[in-house]
Amino acid sequence: NPNLMEALVSLAKRRGFIYQSSEIYGGLNGFFDYGPLGVELKRNIRDCWWRDMVHRRDDIVGIETSIIMHPKVWEASGHVAGFTDPLVDCKVSKQRYRADQLFWSPVVVDGKVAGYVSALESEKTAEDLQAAAESFKRKKALQGALAPVVAKDFTEAAETEIPLIPSPATGEPGSLTPPRAFNMMFETNVGALKDASSVAYLRPETAQGMFVDFKNVIDTTRVKLPFGIAQVGKSFRNEITPRNFIFRSREFEQMEMEYFIHEHADWAKAHEEWITWCEKWLKSIGLPESHLSRYAHPKEKLAFYSRGTVDIMFKYPFGVQELWGIAARGNYDLTQHANASGKPQEMFDEATKKKFVPHVIEPAVGTDRIFLAVLTAAYAEEDVKDEKGNVEKRTVLRFSPRIAPVKVAVLPLLKNKEQLTDRAKALYAKLKRNYAVQYDDGGAIGKRYRRQDEAGTPWCVTIDFDTIEKPGDTFTLRERDSMSQKRITEAELFALLAEQVY
Ligand code: ATP
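Since the model is a prediction, treat every value here as computed from it, not as a measurement. (Residues numbered from 1 in each chain as written. Predicted model: local features only at pLDDT ≥ 70, side-chain atom pairs only at ≥ 80, totals over all residues.)

1. Considering the overall build of the protein
When helices and strands are tallied, the protein shows 15 helices and 25 strands. Across the 502 residues in the protein, those meeting the buried criterion constitute 37%. Taking as baseline every contact in the protein between residues at least 6 positions apart, the subset at least 24 positions apart corresponds to 63%. (Helix = DSSP H or I, 4+ residues; strand = E, 2+ residues; numbered from the N terminus. Buried ≥ 20, exposed ≤ 12 C-beta atoms within 10 Å, placed from the backbone. Contact = placed C-beta atoms within 7 Å.)

What follows is the structure, encoded as structure tokens:
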């Protein structure tokens, strides 16, 4: 579906999954709000992660650290000096670009190359580049502002004599400033004094919280190596080009875990185990294997302390992009904090009677990126027959029951039949104690099913005349994906939910 992204954005708005932040004021680029259905979906993704990562494992504990930390944390971690993107300005369009990811791609209009646009994301294949070019073409955002040049990367583009084309807005040719380092951390001031001494940062990742609290955790719990510390929380990055809806935003949520291993442990094995765990987990919440792939960062591009990084990639509508990064970081972070704070970050090895600094494997993922992946994979448009045999379109979100925002909809066949509504309300009240459920008595039953299909509700339960007139107190259970119907008792319904919603 070439218009999948538009369809997702529009459904997300229409059904209350995602709104633009501060929309009545024109929105704020790179910030989003989650509506009533969205907040449930996001919470379910986060809760599933927490349950599987923390509650269901014996070797991982959770923490929650503050968003604003001592500024020295970010000096020691390397973020103050190095958390930068090379930035270039287009003097004509006044657009800013990440120079390291500046590619050029032809724009084809009516079968002819009409011009070129830059594809700004970290496109890793020609296919991604094409997808990015397509999305630009539709937006027409950059058309005419940038020079039509084909190069494989910015270095090559910079060396090329760029044939500048006039901007439609000004008639002036476009040109780019030389790249400069742009730090992506948001700055703020702590306390009443607003000077250099009070500068602090909104965290650009949650990971440093785990390193800085490492000693606290080992001193206050009974964790033994190997063990992990997990955290879920907001992170902030002043991205130069927030793009692709919630994929790259300036305020987002991360779910990160630092898995500490012995300095002599087989890190490659631990690394591989975590990559596999993450892939399995993504499938458990409904992402299809066909959309997932791995990207191993080339050795020469890794930070000097890094042993290896593998990204789990997802096939988004705009191309294959990073969803989850799993990095083997050695003992760089703990060592940096030990040196900067003067407080050793060590453990004692009973076998050798020596102290050592553990190494770490870090699976780091964005909740919002999972959200978008889940939405992408779940979305379907189908031709179906209504009760009278007429073909109609249905839009359905095939969410896994684990994360579906609403698990069951309770529908009395008729709104004005007290026997039906009483039974429906009783069931609804009972379900509500454990699950997110909706009660809907508005409109024809087919309409109500469609409404739930669009919200991704896996099951609808209809209380009809058979429920109240025939023995057995059964309901019609209508399944979202197959649209098949069968009769079910209350006990069977609860058993189904207990099995599928875990
Ligand atoms: P990218 O290369 O896409 O900028 P990154 O490699 O800088 O991402 P990390 O620092 O490894 O990302 O962050 C870990 C995870 O946090 C990413 O895999 C992604 O899921 C999520 N993430 C990072 N930046 C953003 C963002 N701006 N918006 C939403 N999620 C993000």
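2. What to know about the site of the ligand
Neighbouring the ligand are 17 residues, the closest being F252, G325, A364, G366 and R369. Taken together, the elements giving at least two residues each to the shell around the ligand come down to β12 (251-261), β15 (319-330), β18 (359-366) and α11 (367-378). At four residues, the largest contribution of residues to the shell around the ligand is made by β15. When its residues are assigned to classes, the shell around the ligand shows five nonpolar, five polar and seven charged. (Near = placed C-beta within 6 Å. Nonpolar A, V, L, I, M, F, W, Y, C, P; charged D, E, K, R; others polar.)

3. Some remarks on the sheet that holds strand β13 (residues 292-296)
Pairing is mixed in the open sheet, where seven strands are placed in the order β3-β11-β12-β18-β15-β14-β13. At either end of the open sheet lies a strand with only one pairing partner, and these are β3 (60-62) and β13. Averaged over all pairs of adjacent strands, the angle between their axes in this sheet comes to 25°, without regard to strand direction. In the sheet, β12 pairs with β18 via six bridges, with the strands oriented antiparallel. Bridge pairing in β18 places Q254 opposite G366. Packed onto the sheet, α11 meets β12, β14 (308-316), β15 and β18 and runs at close to 50° relative to β18. (Pairing = 2+ DSSP bridges. Axes fitted to C-alpha atoms, helices over the stretch in contact; angles between N-to-C directions.)

4. Brief notes about the sheet that holds strand β23 (residues 459-463)
The strand order across the open sheet built from five strands is β22-β21-β23-β24-β25, with neighbouring strands paired in mixed fashion. Bordering the open sheet on either side are β22 (437-439) and β25 (485-488), each of which pairs with just one other strand. Pairwise comparison of adjacent strand axes, ignoring direction, gives a mean angle of 25° for this sheet.

5. Some thoughts on the nonpolar core
A373, V374 and V410 are the most contacted members of the largest nonpolar core, which has 90 residues in total. With eight residues, α11 is the single largest residue contributor to this core. When residues no more than four places from it in sequence are discounted, the contact partners of A373 are L287, F314, Y316 and L323. (Core = buried A, V, L, I, M, F, W, Y, C linked by C-beta atoms within 7 Å.)

6. What to know about the pairing of β14
Looking down a regular strand, the side chains alternate between one sheet face and the other. In terms of residue burial, β14 counts as a mostly covered element, since eight of its nine residues are buried. Bridge analysis of β13 against β14 gives five bridges, and the strand direction is antiparallel. When the sheet's bridge partners are listed, A296 is paired in β14 with V310. Sheet analysis places β14 next to β15, joined by nine bridges and oriented antiparallel. Paired with T309 across the bridge in β15 is A327. The turn joining β14 and β15, which pair antiparallel and follow one another in sequence, is formed by two residues.

7. A closer look at the packing of helix α2 (residues 36-55) against α11
Between α2 and α11, whose axes approach to 10 Å, the crossing angle comes to 115°. As the angle between them shows, α2 and α11 are arranged roughly perpendicular. By crossing handedness, the relation of α2 to α11 is classed as right-handed. Contacts from L41, K42, I45 and R46 in α2 reach T367, I370, F371 and V374 in α11. (Parallel < 35°, antiparallel > 145°, perpendicular 65-115°, else oblique. Left-handed = near helix turned anticlockwise from the far one by under 90°.)

8. Focus on the domain arrangement of the protein
We note that the domain assignment places domain 1 (35-82 + 186-375), domain 2 (84-183) and domain 3 (406-500) within the protein. Domain 1 and domain 3 are separated by 41 Å when their C-alpha centres are compared. (Domains from an automatic or database assignment.)

9. Focus: the environment of Y428
Locating Y428 in the fold gives a position in helix α12 (residues 418-432). We classify Y428 as buried; it has 21 C-beta atoms within 10 Å. When the C-alpha positions of Y428 and V461 are compared, they lie 9.8 Å apart, and in sequence the two are 33 residues distant.

10. Overview of the UniProt feature "binding site: substrate" (unreviewed entry) in the protein
UniProt feature "binding site: substrate" (unreviewed entry): in the numbering of this structure it lies at R98, E205, F252, E253, Q254, M255, E256, E362, P363, A364, V365 and G366. Structurally, the position occupied by E205 is in the loop between β10 (199-201) and α7 (207-212). Exposure remark for E205: the 18 C-beta atoms within 10 Å place this residue in the partly exposed category. E205 has contacts with S235 and Q254, leaving out every residue within four places of it along the chain. What E256 contacts, discounting residues up to four positions off in sequence, is T206, A207, Q231, E362 and A364. (UniProt positions renumbered as here; feature names shortened; annotations may be inferred.)

11. Quick word on α2
The terminal C-alpha atoms of α2, which comprises 20 residues, lie 27 Å apart, in line with the 28 Å expected from a rise of 1.5 Å per residue. Those residues of α2 lying buried are L37, G38, E40, L41, K42, N44, I45 and M53. (Expected span 1.5 Å × (residues − 1).)

12. A closer look at the environment of W267
Within the fold, W267 resides in helix α9 (residues 267-284). According to the C-beta neighbour criterion, W267 is partly exposed, with 19 such atoms within 10 Å. Apart from the residues within four sequence positions on either side, W267 is in contact with I261, R307, A328, H359 and I361.

13. Description of unusual backbone geometry
Cis geometry is adopted by the peptide bond preceding P226, which originates at L225 and carries an omega value of -10°. Note on placement: P226 falls in the loop between α8 (214-220) and β11 (227-236). You will see that F245, though not glycine, has its phi angle at about 60°, which is positive. One non-glycine residue, K353, lies in the positive phi region at around 60°. Of the residues examined, K353 has 7 C-beta atoms within 10 Å and is grouped as exposed.

14. Let's talk about the pairing of strand β20 (residues 391-397)
Pairing of strand β19 (residues 379-385) with β20 involves seven bridges; the strand directions are antiparallel. Looking at β20, one finds that D383 is bridged to K393. Between β19 and β20, which pair antiparallel one after the other, the connecting turn spans five residues, and G389 there sits at a positive phi close to 85°.

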